[in-house]
Amino acid sequence: MPNKNTFLGKANKNSLKGLINYGIIVVFFAVITIVKGAGGLSNALEGQLIPICAYIIMALSLNLVVGISGELSLGHAGFMSVGAFTGVIVAGAMKYHGVNANAPRLIVAIIVGAIFAGAAGILIGIPVLRLRGDYLAIVTLAFGEIIKNVLNCLYVGVDAKGLHFSVTDEVHMDMAANGTTLVRGPMGAVGISKASTFLAGIILIVLVLFVIQNLVNSRTGRAIMAIRDNRIAAEASGINVTKYKMIAFVTSAVIAGAAGALYALNYSTIVPKKFDFNTSILVLVFVVLGGIGNMTGSIIAAALLTVLPELFRQFQDYRMLVYAIVLILVMIATNNERIRAFWKKLTGVFSGKKGGAANE
Amino acid sequence: MLNYLISGISLGSVYAIIALGYTMVYGIAKMLNFAHGDVIMVGGYAAFCAGTYLGWPVPLAILFSMMICTILGIVIEKLAYKPLRSATSLAVLITAIGVSYFLQNIALLIWTSNPKAFPNMVNFIPSIVLNKGTGSEITISSTTIVTIIASILIMVALTLFTGKTKIGKAMRAVSEDKGAAQLMGINVNATISVTFAIGSGLAAIAGVLLCSAYPTLMPTTGSMPGIKAFTAAVLGGIGSIPGAMLGGILLGILEKFAQAYISTQLSDAVVFAALIVVLLVKPTGLLGKKVMEKV
C-alpha cells in the first residue's frame, strides 16, 4: 500500500480517527438525551452520567501519559483530588459571596481546579521526569498518597474576609461566626451545592479531546512519541526530553484536575479517601482495556466499566478481581507474538485487506 | 525519644526484610514486583491459618507460610512475568499491579475484609527492660529483638549467598548482563525463578514479623508496607543488599519520629516526601552505584 505511508495519507487517517471520537461523544449525548426524554433512564443510571463523563476525561488524561508519553502514573487520582477540592472550595466561596448561578460556578471551579492540578503536576514533574520507568510510577503513587494524607487534615472555611485554612481543626481557622466550613478534614468537602450537568460534562470531554488530539498530531506530540519509542535516539536528535515529557505530564494533570472539579460538584459531599490508589488503578484499567494509546478505546472502556458494575450489582464482590485479571491478561496478550499476529490477520480480514494491513 | 528510636528500628527491620526481596528481584529481573507486598499478606494468612485454625506449632506454621509464599512467588513469575520477559517495563509494571490486585481480592473472597487478630508468634525470648528502677523505664519487647536479629541474620545470609555460592554468583551475573550470562551457560530463567523464590520466602518471614508486631491481618495489610519497603529499597540504592537494610531502618525511624513529632496522619506523607527528596538529590540511593546506559 504505497500511499498509506505518505504524509498526506497519514494526516488524513489521524484526523479521521479524531472525528470518530467526537462522533462517538455526540452520539452518546444524543442517545442519552433521547432516552432520558422518553423516561427510559433508570435513576441509578442517570446518577452515573456525570461520573461517566469524569471517568472518560480521566481515562483520556491518563492515556496521554501512559499511551503517548509512555510513562506510568499511579497517582492520577491525586491530580483529580486536587482539582476536586480546589474546585469545591472555589465554588463554595462563590456561593457564599452571592454567586448562585450554577454555570459560572462550575466553569470557574473547573478552571481553578485545572490550574491547581497543573501546578501540582509541575511540582511533581520536576523531580519525577528526570527519572525513568518504575521510579516515576512509584513517585507518582507516593504523590497520590501525600495528597490524600494532606487533604485528610485540611480544614477550609469561608467568611466575609475570605478563605481560612487550618491543618489541625475547625476552631483554628479563625473564621467569623457567620462563615461556612467548606472542607472538614477526613470528612471531606461538605455541603457542596451541585453545579455539574451532563451537558457540561460532554462539552468538557469534547474540549479535552480537542486538546489531546491536537497535541498528539502536532510537532510537540511527535516529539513526545519519539521519546517514548526511543529516548536515547530522540535525545540524540536534539529533542529536549524533560521539556516534552513535562508538557505531556502537566497537560494530563490539568485535564485530570478539570475532571476532578466536574466530578466533585456532582455530589453534596466528597471525601479525600475517594481519590485513593484504587481510583488511580480503576482509571488505569480503563486505559489498558481500551488499548494503551487508543483514545477511542479509553472512551468506550471508561463508559462501559462505569455502567456495567451498576447493572451487575450482584457480582460486586468480584469486580476488582475481574479488573485484576483483565490487567494481567491484556498485558500478556498484547505482548504475545502469536496473539498479535492473529489479531493483525483478523483486523486485516475485517477491513478487507488480507495480510496484515494494520499500520499502527 | 529512645522509645521511638527503638520502635523505629523494629519497624525498619521489617521494612528491611521486605526491601531485600524487592531489591533482589529488581536487581536481577529488572522489574518492580508490585505484588511483593501482597505476598507478605498471603504469608501472614498462611501462618495464621496454620497456627490458629490447624493448631500447628509456631516453627511449623512459619515454615508452612514460607513454603506457600515460595511456591506462590515461583508460580507468579512463571505465569505472569515470564511471558513478558522481552516486553516494555510499562507492560511488566501493569501486570505486576494486576497480580497485586488479584492477590488482594482473592484474599478478600477467602478471608473477607474482617481483620483477623494475629497471635504473636515471635515472643519466645524474654523482653529487655532498660533503665530498670528509674522513672523512665524502656521496654524492648521480645518481638522487637527477634525482628532486629532476624533482619540482620537474613542480610548476612543473603550477602554470603550472593557472594560465595554458585547460584548467588549466577544471580549477580544475570543482574549485570543477561545475554552474556546466558552465553556463559547460566540458566537465566532458573536463576530468576530462584530469585523470586528467595524473595517470596523472605516475604513470608516479613509477614509473620509484621503481623506479630501489628496484629491486625487484612487483605490490604501488605500493600502499604510493601510500597514503603520499596521506598526503602530506593532510598538505600536499589540492587544493593546492605542498602536495602540501611534504607529500611532509616525509613522505619523516620516514620516513627514523624508519627511522634509531626502528626500520625501525616507520617505516610513524610515518608513519601523523603522518597521524592532522595530521588531528587541522589537518584541512585545512598549505597547504589551509578549504571551507565548502553545504547
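Residues numbered from 1 in each chain as written. Chains lettered and ligands numbered in written order. Predicted model: local features only at pLDDT ≥ 70, side-chain atom pairs only at ≥ 80, totals over all residues. Heavy atoms only, no water.

(A) Highlighting a nonpolar patch on the surface. The grouping of I300(A), L304(A), L308(A), L311(A), F312(A), F315(A), Y318(A), V322(A), L109(B) and I110(B) at the surface amounts to a nonpolar patch, some 920 Å² of accessible area in total. Broken down by secondary-structure element, the contributors of at least two residues to the nonpolar patch are α12 (295–311) of chain A together with α4 (89–111) of chain B. Assignment of secondary structure puts L311(A) in helix α12. Among the residues examined, L311(A) registers a relative accessible area of 55% and is labelled exposed. (Patch = residues over 30% accessible without salt bridge, like charges linked within 9 Å, V, L, I, M, F, W, Y side chains within 5 Å. Areas by Shrake-Rupley, 256 points an atom, 1.4 Å probe, with all protein chains shown as cover. Salt bridge = Lys/Arg side-chain N within 4 Å of Asp/Glu carboxyl O. Helix = DSSP H or I, 4+ residues; strand = E, 2+ residues; numbered from the N terminus. Buried < 20%, exposed > 50% of the residue type's maximum accessible area, 1.4 Å probe, protein only.)

(B) Representation of the nonpolar core in the model. With 204 residues, the main nonpolar core has L72(A), L74(A) and F34(B) as its most contacted residues. The dominant element in this core, judged by the number of residues it contributes, is helix α3 (residues 49–68) of chain A, at 16 residues. If you count residues domain by domain, this core takes at least three from each of domain 1 (12–311) and domain 2 (317–360) of chain A. Once residues within four sequence positions are removed from consideration, F34(B) is found in contact with L74(A), I138(A), L141(A), F277(A), Y22(B), L93(B), A96(B), I97(B) and S100(B). (Core = buried A, V, L, I, M, F, W, Y, C linked by side-chain atoms within 4.5 Å. Domains from an automatic or database assignment. Contact = heavy atoms within 4.5 Å.)

(C) A look at the sheet that holds strand β1 (residues 155–159) of chain A. All names here are of chain A. Read across the sheet, 3 strands follow the order β2-β1-β3 without closing on themselves; strand pairing throughout is antiparallel. Strands at the two margins of the open sheet, each flanked by one partner only, are β2 (162–166) and β3 (180–184). In this sheet, adjacent strand axes meet at a mean angle of 20° when their direction is disregarded. Of the strands in this sheet, β1, β2 and β3 touch helix α4 (residues 76–96), which is tilted by about 175° from β3. (Pairing = 2+ DSSP bridges. Axes fitted to C-alpha atoms, helices over the stretch in contact; angles between N-to-C directions.)

(D) The packing of helix α2 (residues 36–53) of chain B against helix α8 (residues 188–213) of chain B, seen in detail. All names here are of chain B. Running from amino to carboxyl end, α2 crosses α8 at an angle of 60°, the nearest separation of the two axes being 7 Å. α8 is crossed by α2, and the crossing has right-handed handedness. Here H36, V39, I40, G43, G44 and A47 of α2 lie close against α8, whose contacting residues are G199, S200, A203, A204, A206, G207, V208, L210 and C211. Among the residues forming the contact of α2 with α8, the class breakdown is 9 nonpolar, 6 polar and no charged. (Left-handed = near helix turned anticlockwise from the far one by under 90°. Nonpolar A, V, L, I, M, F, W, Y, C, P; charged D, E, K, R; others polar.)

(E) Molecular detail of the domain arrangement of chain A. All names here are of chain A. You can read the domains of chain A as domain 1 (12–311) and domain 2 (317–360). Using C-alpha coordinates to define each centre, domain 1 is positioned 28 Å away from domain 2. On the domain 2 side, the residues contacting the 10 residues of domain 1 number 8 residues. Roughly 860 Å² is buried in total at the junction of domain 1 and domain 2, and carbon and sulfur atoms are behind 76% of that figure. On the surface where domain 1 and domain 2 come into contact, there are 0 salt bridges. Summed over the shared surface of domain 1 and domain 2, the number is 1 residue pair in polar contact (both at pLDDT 80 or more). Elements with a contribution of two residues or more to the side of domain 1 that touches domain 2: α1 (7–37), α11 (277–290) and α12. Ranked by residues supplied to the side of domain 1 that touches domain 2, first place goes to α11 with 5 residues. Here the residues of the side of domain 1 that touches domain 2 are counted per class, giving 8 nonpolar, no polar and 2 charged. (Buried area = accessible area lost by both parts, 1.4 Å probe. Polar contact = N/O pair within 3.5 Å; in protein donor to acceptor, adjacent residues only side chain to side chain.)

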